[in-house]
Amino acid sequence: MSHKGPRAIPQVGHSARELYRTLYRRSVSLQPKPFAMGFRIEHPQAYIDELQYGRHDAAAVMRGKGRLPVADYSLVANVLDGGGGGLGDSASRGGGGLGDSASRGGCDAAGVEFVEGSDGGSRRDGERGGTASLTRGVYSFCMCPGGQIVPTSTSESELCINGMSFSRRNSEWANSALVVEVRPADWAHLEQEHGALAGMELQREIERAG
């Protein structure tokens, strides 16, 4: 059964790159937008417990079996923007880290949104706050106490990972994504070839470097 309406709102989720490519080929107008991208860090869970509770109380966690819950954390910071070519410059030299699932975007899978029109073109999205900002947001994402890192790659040549917690939080390891704000200027060097999908290509560059 099919339905017709004036608008459709695709909820494409994770790993939807082929859908974006199909829409772009069919001249659906797409507009890039900022997203977050980073890598996943891993720590001994006992280390996080001790940092959060102190050495004495951390002993009461007992890998999820004690009187205190397994500890987690949240990190939010603004850092000075280094400038000089943006993220894509370092990625092209192989300096990009491991691609995390967060690189598929907090809202859309590839940092693009659907806009009205059918010319297939790309409109440059302004940076937050208007002109070039002096800082970037850096933050932890999907912190997983008592768990492990898992592979989520959809291509043999690209590395993408995610994290999980076990139901009992009883792993010796904790992990978290550490992501940074990515802006249109960071993928500007890819726009001539990839148009509105340039941000998605930046993700692929860094995942291949991983």
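Structure shown above.
This write-up is about the structure you can find in this document.

What follows covers the nonpolar core. Counting 8 residues, the largest nonpolar core is built from F35, M37, V182, W187, L190, A198, L202 and I206. When residues of this core are traced back to their parent elements, those giving at least two are β2 (35-44) and α6 (198-209). At 3 residues, the largest contribution of residues to this core is made by α6. Those residues in contact with L190 that sit more than four places away from it in its chain are G195, A198, E201, L202 and E205.

Quick look at the sheet that holds strand β6 (residues 135-144) now. With respect to topology, 4 strands assemble into an open sheet ordered β2-β9-β6-β3, the strand pairing being antiparallel. Single-partner strands in this sheet number two, and they are β2 and β3 (76-80). The average angle at which neighbouring strand axes cross in this sheet is 25°, direction not considered. By the bridge criterion, 10 bridges tie β2 to strand β9 (residues 173-182) in an arrangement that is antiparallel. Its bridge partner being in β9, I41 is matched across the sheet by S176. Where helix α2 (residues 45-53) meets the sheet, its contacts fall on β2 and β9, and the angle it forms with β2 comes to roughly 95°.

On to α2. If you check which residues of α2 are buried, you get Q45, I48 and D49. Seen along its axis, α2 keeps its buried residues to an arc of 100°; they face one direction. Among the exposed residues of α2, those pointing more than 90 degrees away from its buried face are A46 and L51. Against β2, α3 (55-58) and β9 lie the buried residues of α2. At the exit of α2 stands G54, carrying a positive phi of roughly 90°.

In this fold, V150 is placed in strand β7 (residues 147-151). Here V150 is in contact with I161, N162, G163 and M164, once residues within four sequence places are set aside.

Rules used throughout
Residues numbered from 1 in each chain as written. Predicted model: local features only at pLDDT ≥ 70, side-chain atom pairs only at ≥ 80, totals over all residues. Heavy atoms only, no water. Core = buried A, V, L, I, M, F, W, Y, C linked by side-chain atoms within 4.5 Å. Buried < 20%, exposed > 50% of the residue type's maximum accessible area, 1.4 Å probe, protein only. Helix = DSSP H or I, 4+ residues; strand = E, 2+ residues; numbered from the N terminus. Contact = heavy atoms within 4.5 Å. Pairing = 2+ DSSP bridges. Axes fitted to C-alpha atoms, helices over the stretch in contact; angles between N-to-C directions. Arc of directions from axis to C-beta.

Bear in mind that shape data such as this cannot, by itself, settle questions of function.
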